[in-house]
Amino acid sequence: MAPTRRPSDGLLARVNFPLYAVDMLTSRHVLVAGGGGASKTGVANGFEIYEIYHNGQHFCAQEVVRHETGSNVVMNFAVRNDGRRSYLCAGQEAHCQMYFVNPRVVSEDGKEEISVTQETTKNAADSHINENGIRQRRPGGTSGVEDVAANGHVPAGEKTSSPKQDQNANIKRLLKFDIKAADSVQTDFLGNDPLQRVVRISPNGRIMATGGTDGHLRVWSFPQMLKTADMEAHSKEIDDIDISPDSKYIITISKDGQGLMWDIATSKKVFELKWATPEGSKYLFKRCRYGTIEAQRDKYRLFTITNPLGKVGKQRGFLQQWDCTNGKLRLAVGIDESLASLAVRDDGRFVAVGTMFSGSISMYIAFSLQRVLHIPNAHSMFVTGLQFLPVTNEEGPPISSDTEAAVLSISVDNKVCIHSLQHRRTMPAWLAVILIVVVLFGAFTLCSFLGL
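Attention here is on the structure that accompanies the text. All values derive from a computational prediction rather than experimental measurement.

1. As for the sheet that holds strand β13 (residues 196-201)
Ordered in space as β13-β14-β15-β16, the 4 strands form an open sheet in which the pairing is antiparallel. Looking at which strands have only one partner, the edges of the open sheet turn out to be β13 and β16 (227-232). When strand polarity is set aside, the average angle formed by the axes of neighbouring strands in this sheet is 15°. One ladder, built from 5 bridges, connects β13 with strand β14 (residues 207-212); its direction is antiparallel. Across the sheet, R200 pairs through a bridge with A209, a residue of β14.

Here is the structure:
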């Protein structure tokens, strides 16, 4: 049986609007988005950025910035960090609105500002947080302005070292983000009710892909947002898309029941995902994600979740793993509920799913689809988004903690939660060696006794 939630896991933050999308802005900052829509209900639309850290006992979140988007609810978005600033591409009705997210570091009173450079990130790993939530230097840590900027590695309220601190060691530096609207392009053109359903930015940062209610897959240059391809991919609206780790292929799933892989260079269909459904029932793909194998971008798997059509609650949903070379189903695991959300960790080791009705979260080993964590009723309503805390160093040092994996979840219940997997116990190497010696000695003794 999979272990249940750790006592320290659970609610990280609560906002005052329904949440629909979540992603990591930096290795330590999470961005959540949503809203109440265009109607005058008094429910805000926009997004919030939180810093996530571990205080030695549990994960904590501190709000860094809130940005409201007027009457435009943010249903989906994608982020790209180029090392000095981040690009945020948000789906707002039929358009994709780009925002520049520029980090800056100011003194606690807001009167003094220091510049943001890559040099400021070099000592990010030399700090830790004590049990009271106060970030301290590790023994042997070097001096210098730490944890900054484009990579966002200065937690709010953290003390940093700089030339001016030689004069005043008590100056505190706070990380802030300036958010500025940039270009906007229309990405969906369905009659009187166009809507962008999903946007993705390729791992190499060169292209953006969008899908919506008109069923077209559109590819754009990034960050210029100039359309380079327009494919009539599906007969019904596109529910989800993802771009392969090597930035060569795009997977699309739609309410027409199809899952299709596309070659970005040729704009041609590569194959369709097909599988033998239980009892010949009709199933629809809900979400799709690529995952690397051992963090290698040229080796990857494809994961999907699929739900029964018209028999919600009576048949199981499935988490599926596919062969990306031929579109064949490799593994599938049934789940006694329809599924709503899917996430794969950046190194490809773990997969997480969220359910439609009970608000439950489950985590699986990616290569075997063995469940290792189950959190029943994590939310009071369906899970709208999942995002693992990163473990690779592409955008700065990961958050240090005593967990093997941690996944963030959001819902229309306005909550941001975190769920972590403790390090699984393994047999020590010395004990394994002793057991091998004992077994071999026993086998040799038995053979000698039998005269073999």
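2. Focus on the nonpolar core
The biggest cluster of nonpolar side chains holds 20 residues, and the ones touching the most others in it are V30, V32, I52, F59 and L389. Elements with a contribution of two residues or more to this core: β1 (10-14), β2 (19-24), β3 (29-35), β4 (45-54), β30 (403-411) and β31 (415-422). Ranked by size, the runner-up nonpolar core spans 19 residues in total, among them L31, V64, F77 and V101.

3. As for the packing of aromatic side chains
According to the stated counting rule, one finds 8 aromatic pairs in the structure shown. An angle of 75° between the planes, with centres 5.8 Å apart, marks the rings of Y87 and F100 as edge-to-face. Taken as a pair, Y87 in strand β7 (residues 86-92) and F100 in strand β8 (residues 95-107) lie far apart in primary sequence, 13 residues in all. For the pair W275 and F318, a centre-to-centre distance of 5.6 Å together with 65° between the ring planes defines the contact as edge-to-face. Placement of W275 in the loop between β20 (268-272) and β21 (283-293) and of F318 in strand β23 (residues 317-322) is noted, with a sequence separation of 43 residues between them. Note on F318: relative accessible area 9%, which makes it buried.

4. Notes on the pattern of salt bridges
Under the defined criterion, the tally for this structure stands at 16 salt bridges. In this structure, E237 engages R197 in a salt bridge whose closest nitrogen and oxygen atoms are separated by 2.0 Å. With a gap of 40 residues between them, E237 in the loop between β16 and β17 (238-243) and R197 in strand β13 connect regions that are remote in the sequence. When its relative accessible area of 22% is taken as the criterion, E237 is described as partly exposed.

Cut-off values and rules
- Residues numbered from 1 in each chain as written.
- Predicted model: local features only at pLDDT ≥ 70, side-chain atom pairs only at ≥ 80, totals over all residues.
- Heavy atoms only, no water.
- Pairing = 2+ DSSP bridges.
- Helix = DSSP H or I, 4+ residues; strand = E, 2+ residues; numbered from the N terminus.
- Axes fitted to C-alpha atoms, helices over the stretch in contact; angles between N-to-C directions.
- Core = buried A, V, L, I, M, F, W, Y, C linked by side-chain atoms within 4.5 Å.
- Buried < 20%, exposed > 50% of the residue type's maximum accessible area, 1.4 Å probe, protein only.
- Phe/Tyr/Trp six-rings, centres within 6.5 Å; stacked < 30°, edge-to-face > 60°.
- Salt bridge = Lys/Arg side-chain N within 4 Å of Asp/Glu carboxyl O.

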